[in-house]
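# Commentary on secondary and tertiary structure
This is what each chain is made of:
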Amino acid sequence: GQFKCLGSLQHIKGKFGQGFNLTVKIRPPVDQSGHPIPDQAPNTKPLKELIQHNFPNHSIEDEHFGQVSFRIASDERVNWSTIFRLMELNREYLAMIDYSLSQTTLEQVFLNFARKQTAQE
């Protein structure tokens, strides 16, 4: 192997991480009495359009029944406050139940190192 990095956990994640992980859960559609409509998936299209418009350099990592996980690449205009502000301003419009935002994990950083090493061999 080859030595790739040295530093604190936060330094390594900040330097070699690939941005942010955003997971959003959308409320399912409801009938006139406010009860969820059985077997009808939540509409995630407005969420995907909002993320695409604001963060073109993103990918959808996972999606199932109203929960969508994105990886948003970091650059000079993408930071914690930008993403939080966007989510809070659009919480009602998107019918969000909740969302979580996290930095790339240390495990993801090391898996990326391993992928690059395998690709070079």
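All right, on to the nonpolar core then. Core analysis: the largest hydrophobic core is formed by 19 residues, its most contacted members being Leu 22, Val 24, Leu 47, Ile 83 and Met 87. Elements with a contribution of two residues or more to this core: β1 (20-26), α2 (45-54), β3 (67-72), α3 (80-89) and β4 (96-103). By residue number, the principal contributor to this core is β1, which donates four residues. Non-local contacts of Leu 22, meaning those with residues more than four positions away in its chain, are made with Ile 51, Val 68, Ser 69, Phe 70, Ile 72, Ile 83, Met 87, Tyr 99, Ser 100 and Leu 101.

In this section: the packing of aromatic side chains. Tallied over the full model, the rule gives three aromatic pairs. A centroid spacing of 5.1 Å and a plane angle of 80° characterise the contact between Phe 20 and Trp 80, whose relative ring orientation is edge-to-face. With a gap of 60 residues between them, Phe 20 in strand β1 and Trp 80 in helix α3 connect regions that are remote in the sequence. The exposure class of Phe 20 is buried, given its relative accessible area of 6%. Aromatic pair Phe 84 and Tyr 99: ring centres 6.2 Å apart, planes at 55°, arrangement tilted. Taken together, the residues Phe 84 in helix α3 and Tyr 99 in strand β4 connect sequence positions 15 residues apart. A relative accessible area of 36% means that Phe 84 is categorised as partly exposed. Under the relative-accessibility criterion, Tyr 99 is labelled buried at 16%.

Definitions and limits used
Residues numbered from 1 in each chain as written. Predicted model: local features only at pLDDT ≥ 70, side-chain atom pairs only at ≥ 80, totals over all residues. Heavy atoms only, no water. Core = buried A, V, L, I, M, F, W, Y, C linked by side-chain atoms within 4.5 Å. Buried < 20%, exposed > 50% of the residue type's maximum accessible area, 1.4 Å probe, protein only. Helix = DSSP H or I, 4+ residues; strand = E, 2+ residues; numbered from the N terminus. Contact = heavy atoms within 4.5 Å. Phe/Tyr/Trp six-rings, centres within 6.5 Å; stacked < 30°, edge-to-face > 60°.

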